[in-house]
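For reference, the chains in residue letters:
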Amino acid sequence: MTLLTLASKQIWPQVLAVEHLRPERVILLHSEDVTESKGPAQRLKRFFDESGLVPRGGTRLEQIGDSDFEGIERRLDEVQRSHQVRLDECVVNFTGGNKLMAAAAFRWAVRHARAFYLERRNQLTWFSAPDGKMIVKQEQLDGSLTDALDPVGLLRCQLDASEVQRPGQIITLSVAGRTLAPDALFRRVQSDQDARAWLNIAGKADPIDKEGDALEFSTAAVLLRLGVNRVQRSLCLKVKSSSYVSTGSRHAEIDLLFTWGGRLWLVDCKDRMPAEDLADRLRQCLRERLSPAADRLLSRIREELSIGQTKVMKQDLLAVREAGGLLGNIICIRKALLPDDVIQYARLNNIAVVRKEELVDGLRHLLFPDRPAEADHLAGLVTHFRK
């Protein structure tokens, strides 16, 4: 099979399709737009070559127009002839590109070969018209096909304005972690035992231990025992260097990164009480000596500090929009109960918030959203609501 595919900033329709179809050759069709098409195509070629998803040398780049409908079709004829692509072995992925490119590629494909479009829900829709009559078929693509892919490689493939300064640590389950029964490991994690006893850790992170490190390792252990293949920890991003300027300063850090269900997931861990609680505690200590003016000042300080929770989420949201694309997910692990306005902001932006005390159940629900509830969980809900 030879796959002709329209490259764009969103890499997952390309990666999922190639993993599912396993073509012998991939021809990445791109416009001259470096940001929207040419740059992503170049990064995809590098990823396909390095990951082995396509046989080395089997991925090629071809430029096509993005504003001339008939010119795009003529260019596809040229690409097909120059690469000696057999039409009976040719499929076209028109999920990417702008609308004009997609429409032209679709019409060319149904006239000469086959075409498909990949929906965000991993639904693959096939189109062909062998006798002039359109035939449409659908199949569900298994997102777990990509779970074993290198999350850092996928991250590099997706990044445009940034680049990976430090890939961080690769975390997998050790023999002890694989041997220990899942429920036993989960109980020990929830009782704050050091999760590093069940992990293999390779690579470099910050040399000085931080307050939130323990929660990051605990979260990684739970994710791995739930079925995640590997977790990347403590990545640093910097602004992409140009031919004129070399940048060395980091502008973003990712606590945990992993691939699951055909998506990149970013995890932000905070194992401390909110800063605004400090103002509340100070008010309690000074309650009898507080003047009205001082009380109003403390209230203002608390309000300013509480904005920090939303600010962190906004930063995470910006990071995942670039690093994970439209199919990127954010999980915020928090020790403290967040204010209602922060919870609402997270909900409106599809950011999952998991309390540390509910780490196992929260992560299990996110990884397996369609899994039926277990009997003990239902019994716990019944007890809770009866109270």
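In what follows, the structure referred to is the one given above.
All of the points below concern the structure found in this document. These numbers come from a predicted model, not from an experiment.

Here the focus is the environment of Val222. Along the polypeptide, Val222 turns up in helix 8 (residues 213-226). On the basis of relative accessible area, Val222 is assigned to the buried category, the value being 0%. Separated by 40 residues in sequence, Val222 and Pro182 have C-alpha atoms that sit 8.6 Å apart. Residues within four places of Val222 in sequence aside, it is in contact with Phe186, Val189, Leu359, Val360 and Leu363.

What follows concerns a negative patch on the surface. Where like charges cluster on the molecular surface, the negative patch consists of Glu32, Asp33, Glu36 and Asp66. Mapped onto the elements, Asp66 comes out in the loop between strand 3 (59-63) and helix 3 (69-82).

Below, the discussion takes up the sheet that holds strand 1 (residues 2-6). The strand order across the open sheet built from seven strands is 3-2-1-4-5-6-7, with neighbouring strands paired in mixed fashion. The strands lining the two open edges of the sheet, one partner per strand, are strand 3 and strand 7 (135-140). Across the sheet, the mean angle from the axis of one strand to that of its neighbour is 25 degrees, orientation sign disregarded. Pairing of strand 4 (residues 90-93) with strand 5 (residues 114-118), which is carried by three bridges, proceeds in the parallel orientation. Of the residues in strand 5, the one forming a bridge with Asn93 is Phe116.

Attention now moves to the side chain of Glu62. Mapped onto the secondary structure, Glu62 falls in strand 3. The exposure class assigned to Glu62 is buried, which follows from its relative accessible area of 15%. Sequence-distant contacts of Glu62, defined by excluding residues within four places in its chain, comprise Ile27, Leu28, Leu29, His30, Arg75, Val79 and His83.

Definitions and limits used
Residues numbered from 1 in each chain as written. Predicted model: local features only at pLDDT ≥ 70, side-chain atom pairs only at ≥ 80, totals over all residues. Heavy atoms only, no water. Helix = DSSP H or I, 4+ residues; strand = E, 2+ residues; numbered from the N terminus. Buried < 20%, exposed > 50% of the residue type's maximum accessible area, 1.4 Å probe, protein only. Contact = heavy atoms within 4.5 Å. Patch = residues over 30% accessible without salt bridge, like charges linked within 9 Å, V, L, I, M, F, W, Y side chains within 5 Å. Areas by Shrake-Rupley, 256 points an atom, 1.4 Å probe, with all protein chains shown as cover. Salt bridge = Lys/Arg side-chain N within 4 Å of Asp/Glu carboxyl O. Lys, Arg positive; Asp, Glu negative; His and termini not counted. Charge placed at Lys NZ, Arg CZ, Asp CG, Glu CD. Pairing = 2+ DSSP bridges. Axes fitted to C-alpha atoms, helices over the stretch in contact; angles between N-to-C directions.

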